[in-house]
Amino acid sequence: MWMLGAILLPIAGGGLLSLWRPQNETARQSYVLGIACLTAVLSLAALFTQYGEEPTVFLHLGGHLSVALQVDGLSCIFGAMVSLLWPLACLYALEYMTAEGGENRFFTFYLAAFGVTLGIAFSANIVTLYFFYELLTLVTLPLVMHAMDGKARYAGRVYLTYSMSGASLGFISMVFLLQYGGSFFRLGGTVEAAGSDLLLAAYVLGFFGFGVKAAVVPGYKWLLRASVAPTPVTALLHAVAVVKSGVFAVVRITWYGFGPELLRGTWAQSVVLAAVLFTIVYGSSKALGTKHLKRRLAWSTISNLSYILLGVALLTPAGLSASLTHLVFHAVLKIILFFGVGAIHYKLHRDFVPDIEGCAPMMPVVFSTFTLSVLGLIGIPPLAGFSSKWLLAIACTSSKTLLGSLGAAALIVSAVLTALYLMQIVLLAYFPRQTRTISVRMVPKRARQDPGLRMTVPLCLLTAVSLALGFGAGAAAQMISDLLFG
């Protein structure tokens, strides 16, 4: 029952918070952090005790239809990542949301989204995955629309339209998997029928349908609009929960549903690889021309998510291992970047790249952690981003296909663009022009400091984790490979 407890506790805890509506800030913060930490403990206990066990069916609906949970290697990777990052995000949000207001409503859905995301991680079949995948859209919609102004409402409509449209395509793919596949996910696929254009078309629809949350072109625009949400939301949207759930679903239908043997060398593989390669370069190039900090990071996320999907779509074990390694490394690095940008907004109310010129000395902790994360995401050895990108490039060239070689070239082009659009932020912050130095002195003294411990502690801890992942990248990549194929 560990899995069920980890899913239901934060959902019920969020519901209780909406009924309780505590006015005492200390009581609310203790409650939220307690629920988040207990959920993480239950989730990690499930990963340790249930790994490799047979699926547990909680509700049988007839035929291949059932609600079932299990812990396999993929669940361990995604579930552990979510469980370790979410409590730190909650701690960060406790301070950040004091300036936004509506904390009771915010944390009601923030906690519920934790449980729903774990439901995706523990799903044993396509029906359970689809149920939680749809539910994730519903519980994160109020978070995107938290401000309830015109921009937030419009962002919510865009998010809902894209998510429901993608889910409709995913539903078609699910029907084919239920018709031709087995009851539960299995590495290597469950579809036993011979390859046909109809099955391949169903897979392509599923890839682009579930790929909406993974921001693959053309289903990416919602991610840019969602940047209006408070930073604790965008940090999880862009680094952990929503976008990585889209990637997770694509991995499930590719490797555990339709199967690599059915797809390898077909026109379906060529179509999804072409879309992924375009998204990698397109996202990085658009980031370079975007001045808004959160939107620049959003474009970066769009590009990096397709790094992960590139490894998945190569349909080789090396590609899958490299993609899951980058999934974990990117989650840690990108959440630091969003937390840093959020801290700048929280203290200085500056949201555009030119406006942070000369601000680094005022917030040394924020900008030092931000800079280390930038170097990691660019791929400076021996930091975390270098190893995962290197493994992806090796997997691309080892595939010995034209699109694989183009994938390696796309990674190189994107790495150069990433260095340009991220280092510009760092250099402006640390090396301002003289005129900007004078204007920075006009910032009120109370704002010339890092935020409180609730925001800086997660930044420092996550930066330490990113450094550990970088120096221990070989061991981390081997562990991920063993979980997937061991």
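Every value quoted in this text rests on a predicted model; they were computed, and no experiment measured them.

1. Section: the pairing of strand S1 (residues 56-62)
Part 1: Looking at chain direction, S1 and strand S2 (residues 65-69) are connected through five bridges and run antiparallel. Counted as the bridge partner of His-60 is Ser-66 from S2.
Part 2: If you look at the hairpin formed by S1 and S2, you'll find two residues sitting between the two strands, and Gly-63 has a positive phi there, around 65 degrees.

2. Some remarks on the packing of helix H13 (residues 293-313) against helix H14 (residues 317-348)
Part 1: At their nearest, the axes of H13 and H14 sit 8 Å apart, and the two run at 170 degrees to each other. Taken together, H13 and H14 sit at an angle that is classed as roughly antiparallel. On the side of H13, the interface is formed by Leu-293, Lys-294, Leu-297, Ala-298, Ser-300, Thr-301, Asn-304, Tyr-307, Ile-308, Gly-311 and Val-312, while H14 contributes Gly-319, Leu-320, Ser-323, His-326, Leu-327, His-330, Lys-334, Leu-337, Phe-338 and Val-341.
Part 2: Residues of the contact of H13 with H14, tallied by class, amount to 11 nonpolar, eight polar and two charged.

3. Section: a nonpolar patch on the surface
Part 1: A grouping of Met-1, Phe-58, Leu-59, Leu-61 and Leu-65 is seen on the molecular surface, where their side chains present a nonpolar patch of about 500 Å² in accessible area.
Part 2: Per-element tally for the nonpolar patch: the top contributor is S1, with three residues.
Part 3: When you line up the elements, Leu-59 lands in strand S1.
Part 4: A relative accessible area of 45% means that Leu-59 is categorised as partly exposed.

4. Some thoughts on helix H4 (residues 103-121)
Part 1: Here H4 spans 27 Å end to end across 19 residues, near enough to the 27 Å set by a 1.5 Å rise per residue.
Part 2: For H4, a buried count of 17 out of 19 residues is recorded, marking the element as mostly surrounded by other parts of the structure.

5. Quick notes on the packing of aromatic side chains
Part 1: Tallying each qualifying case throughout the model produces 25 aromatic pairs.
Part 2: Judged by centre distance (6.1 Å) and plane angle (90 degrees), the ring pair of Phe-107 and Tyr-110 falls under edge-to-face. Of this pair, Phe-107 and Tyr-110 both sit in helix H4, three residues apart, which is roughly one turn of the helix. As far as burial versus exposure is concerned, Phe-107 and Tyr-110 are alike and both buried.

6. A look at the pattern of salt bridges
Part 1: Under the criterion given, the structure shown has five salt bridges.
Part 2: Residues Arg-454 and Glu-25 are paired through a salt bridge, measuring 3.9 Å at the closest nitrogen-oxygen approach. Here Glu-25 lies in helix H2 (residues 25-50) and Arg-454 lies in helix H19 (residues 453-471), a separation of 429 residues in the sequence.
Part 3: Connected via shared salt-bridge partners are Glu-25, Glu-95 and Arg-454.

7. Comments concerning unusual backbone geometry
Part 1: Cis geometry is adopted by the peptide bond preceding Pro-218, which originates at Val-217 and carries an omega value of 15 degrees.
Part 2: If you trace the backbone, Pro-218 turns up in the loop between helix H7 (197-210) and helix H8 (221-225).
Part 3: Residue Pro-381 is joined to Pro-382 through a cis peptide bond whose omega torsion reads 5 degrees.
Part 4: Look at Ala-215: it is not a glycine, yet its phi comes out positive at around 60 degrees.
Part 5: Considering the arrangement of structural elements, one finds Ala-215 in the loop between H7 and H8.
Part 6: The class for Ala-215 is buried, based on a relative accessible area of 0%.
Part 7: One non-glycine residue, Leu-315, adopts positive backbone phi at about 60 degrees.

8. What to know about the confidence of the model for the chain
Part 1: The predicted model of the chain averages 92 in pLDDT, with 97% of residues at 70 or higher.
Part 2: Of all the helices and strands in the chain, helix H18 (residues 434-440) carries the lowest mean pLDDT, 57, while helix H12 (residues 267-288) carries the highest, 96.

9. Overview of the environment of Val-247
Part 1: In this fold, Val-247 is placed in helix H10 (residues 242-258).
Part 2: Among the residues examined, Val-247 registers a relative accessible area of 0% and is labelled buried.
Part 3: Expressed as a C-alpha distance, the spacing of Val-247 and Thr-325, which sit 78 residues apart in the sequence, is 13 Å.
Part 4: With sequence-adjacent residues up to four places away left out, Val-247 is seen in contact with Ala-214, Leu-305, Ile-308, Leu-309 and Leu-327.

Procedures and definitions
Residues numbered from 1 in each chain as written. Predicted model: local features only at pLDDT ≥ 70, side-chain atom pairs only at ≥ 80, totals over all residues. Heavy atoms only, no water. Pairing = 2+ DSSP bridges. Helix = DSSP H or I, 4+ residues; strand = E, 2+ residues; numbered from the N terminus. Axes fitted to C-alpha atoms, helices over the stretch in contact; angles between N-to-C directions. Parallel < 35°, antiparallel > 145°, perpendicular 65-115°, else oblique. Contact = heavy atoms within 4.5 Å. Nonpolar A, V, L, I, M, F, W, Y, C, P; charged D, E, K, R; others polar. Patch = residues over 30% accessible without salt bridge, like charges linked within 9 Å, V, L, I, M, F, W, Y side chains within 5 Å. Areas by Shrake-Rupley, 256 points an atom, 1.4 Å probe, with all protein chains shown as cover. Salt bridge = Lys/Arg side-chain N within 4 Å of Asp/Glu carboxyl O. Buried < 20%, exposed > 50% of the residue type's maximum accessible area, 1.4 Å probe, protein only. Expected span 1.5 Å × (residues − 1). Phe/Tyr/Trp six-rings, centres within 6.5 Å; stacked < 30°, edge-to-face > 60°. pLDDT = per-residue confidence, 0-100.

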